[in-house]
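Tertiary structure, described
The lines below spell out each chain.
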Amino acid sequence: MNWFKSQDGRGFLLALPAIFWLGVFFILPLFTIVVISFMSRGAGGVAELPYTLAHYDRTFGVFSVILIRSIRIASITTIVCLFIGYPLAFFISTRKNRNFQNLCLFFIILPFWTNFLVRTYAWRILLGDAGTINAILLSWGWIEEPLRLLNTEFAVLVGLIYGFFPFMVLPIYASIERFDFKFVDAAHDLGANDWTTFWRVVFPMTLPGVLAGSALVFIPSVGAFITPDLLGGTRGLMIGNLISRQFGGSGNMPLGSALSVVMMAVVLLTLLVYVRFGINREGDD
Amino acid sequence: MAADAKVKNHVQDIYVDENAVRRDMLLRRIGKIGLYFNPIFAYFFLWSPILVLVIFSFNRSRSVSTFTGFTLRWYNNIFNGVMGTEVGFSTQNMLLALRNSMIVSFSATIIATIIGTMIAMSLSRSNFPGKRILDAVLFLPVVIPEITQGISLAIFFNVLFGWWQSLTGQRIFPGFHTIIIAHVAFNISYVAIVVRARMANMNPRFEEAARDLGANEWQTFRYVTFPLILPGVVAGGLLAFTLSLDDFVVTFFNSGVGTTTLPVFVYGLLKLSITPEINAISTILMVISTVLIGISMLLQGRTALR
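Residues numbered from 1 in each chain as written. Chains lettered and ligands numbered in written order. Predicted model: local features only at pLDDT ≥ 70, side-chain atom pairs only at ≥ 80, totals over all residues.

1. Points about the overall build of chain B
Our working rule: Labels follow the DSSP assignment, with helices taken as runs of H or I lasting at least four residues and strands as runs of E lasting at least two, numbered in each case from the N terminus. Burial is judged by counting the other C-beta atoms within 10 Å of a residue's own C-beta: 20 or more makes it buried, 12 or fewer makes it exposed, and any count in between marks it as partly exposed, with every C-beta position built from the backbone. The contact criterion used here is simple: two residues whose C-beta atoms, placed from the backbone, lie within 7 Å are in contact.
Per the secondary structure count, chain B includes 12 helices and 0 strands. Order of helices (α) and strands (β) in chain B, N terminus to C terminus: α-α-α-α-α-α-α-α-α-α-α-α. Within chain B, buried positions represent 35% of all 306 residues. Partitioning the contacts of chain B with sequence separation of at least 6, the portion at a separation of at least 24 is 76%.

Have a look at this one:
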């Protein structure tokens, strides 16, 4: 028992409250939903015995459409963020003036100090049938009738890209910032043109930032709830909405748990891929 | 003379594919244009929704397509309890939600800041079995989607309260306690990460010097360690407060009757429809959170300089 009086022992005691809190109110609930997901649906949607695989059957059966849609939406979101975010990060980090760089970054982060709900709501104004975008297109005579933009998969995509865009830009910016542009001169001296230099030198060396950004965008997108709820309607329904519908009156808690477990598996898989390929490449960083 | 001619001949020998050069220069020009065009598009994308929201909150007509004139009527309506076509809105309810938000955020921030600072000190100053696992677990709440945290905790409470009822016959309902517990669970990680970063930059020699000069463990902490990590603790606490105040998803699944927080209240309005009053509330919220985070950034900047 003398160990508790050593530096390490006292350190362990300091960690105890956090271990308790995270253990009971974070890890234990995760295990709870794994167990619940194998139980039957009882009265009022709560779980009861016997154990069953029925909910996983439905998750990969009837609900596979929504599962696949969620993964597809999250993937497209990640790719679009990368396509807009990489050049932007490149532009900012290659500016000579440090203050201008900071100003550029500030104007990316500033909109994201706003509450997520409000930011998503703003897109309802823009995309609605009587919304700003339709009004502009109508007045220019580009369209005859208002386009249906809100309550579609497209609206969810726009909302998610908007919501998680900085998570892509900031890690890539950090990566390019660390990149030594002497490598570019070397590649040019060796006869590579800009295209080759970018794909063979710059991009591979900034890949850690790209992978970090992609993981940071993909994970919250797969689990998105607010965005598809406010912008998606039934056509843009994602797994997060499906999970939330399993609570309350006509809900089914075990089914909701099974859906959550599958979503968690997707998230952990993404994390694993990132840890395996993203962190190793960074080497001694 | 002869040597010069030799060099000249040599230069002529180098094969230059003029088409390739032209192609490469064109490629570079396209790249440059793209590099300047992209930020214009990106910043337009980032800022237009916010500008549209703010502009139409001052619009005289209820439309969100044409601006017909400036008015403060919608802001006036919010504070006088008139909500146009909306049902379920009253200034009183909004202020109640704000009060609930403050109770939750303050309590969760205080608990999370204490526990988070403790584990940050523990992880950066000592070594014990299972430390690496603890490190990994500490990062999980930051990366796992909010809905997983919210749902798993809600189910956990449901099971726990069910058991409690079958044991004692008393039913516990979700309320402030469940929301605060949930907020602390995700905030510990954020506080710990911020404080740890501060501790990593701190020179351990100061603590050693204090011990050499005869300070006991408590005195070393009270007069040396704590003042040095205080900026990190304040920054972590402010981050926790902001996250707690802004949280919707986790709160939504763990709140009970009468514990509606401001984001949950606002969500109820946003889901209904688009009205100028909601635009006005959104604009106010936007200004509040921007000012709050601005203050915390200023504080962090100032304390970091010290």
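And the narrative resumes.
2. Side note on the overall build of chain A
In terms of helices and strands, chain A carries 13 helices and 2 strands. Structurally, chain A occupies a C-alpha span of about 75 × 70 × 35 Å along its principal axes. Relative to its 285 residues, chain A shows a buried fraction of 44%. Looking at chain A alone, contacts between residues at least 24 apart form 71% of all its contacts between residues at least 6 apart.

3. A look at helix H11 (residues 262–272) of chain B
Counted residue by residue, H11(B) has 8 buried out of 11 residues, so it is predominantly covered. For H11(B), every residue scored as buried is listed here: Leu262(B), Pro263(B), Val264(B), Phe265(B), Val266(B), Tyr267(B), Leu269(B) and Leu270(B).

4. Focus on unusual backbone geometry
Glycine aside, residues mostly have negative phi angles, and peptide bonds mostly take the trans form. Notably, Asn151(A) is not glycine yet its phi reads approximately 60°, a positive angle. With respect to the helices, strands and loops of the structure, Asn151(A) is situated in the loop between helix H6 (132–139) and helix H7 (153–178).

5. Observations concerning the interface of chain A and chain B
Between chain A and chain B, the contact holds 69 residues from the first and 67 residues from the second. The element contributing the most residues to the side of chain A that touches chain B is helix H1 (residues 7–36) of chain A, with 21 residues.

6. A closer look at the domain arrangement of chain B
Test applied: Start and end points for every domain follow an automatic or database-based domain assignment.
Here chain B is partitioned into domain 1 (2–56) and domain 2 (87–272). Once you take the C-alpha centre of each, domain 1 of chain B and domain 2 of chain B turn out to be 49 Å apart.

7. Description of the environment of Phe206(B)
Residue and element names in this part refer to chain B. In this fold, Phe 206 is placed in helix H8 (residues 205–212). In this structure, the C-alpha to C-alpha distance between Phe 206 and Pro 145, residues 61 residues apart in sequence, is 40 Å. Setting aside chain neighbours within four positions, we find Phe 206 in contact with Val 224 and Leu 228.

8. Details of the nonpolar core
The test is simple: By convention in this section, buried Ala, Val, Leu, Ile, Met, Phe, Trp, Tyr and Cys residues joined through C-beta atoms within 7 Å make up a nonpolar core.
Core analysis: the biggest nonpolar cluster contains 135 residues, and Ala89(A), Leu259(A) and Ile188(B) have the highest contact counts within it. For this core, the element with the most residues is H7(A), which contributes 15 residues. Counting the residues that make up this core, at least three belong to each of domain 1 (2–56) and domain 2 (87–272) of chain B. If near-sequence neighbours (up to four positions away) are discounted, Leu259(A) is found in contact with Thr59(A), Phe63(A), Ile239(A), Leu242(A) and Ile243(A).

9. Some details on the environment of Thr234(A)
With respect to the helices, strands and loops of the structure, Thr234(A) is situated in the loop between helix H11 (226–232) and helix H12 (239–245). In the structure, Thr234(A) is positioned 160 residues away from Ala74(A) in sequence and 17 Å away in space, judged by C-alpha atoms.

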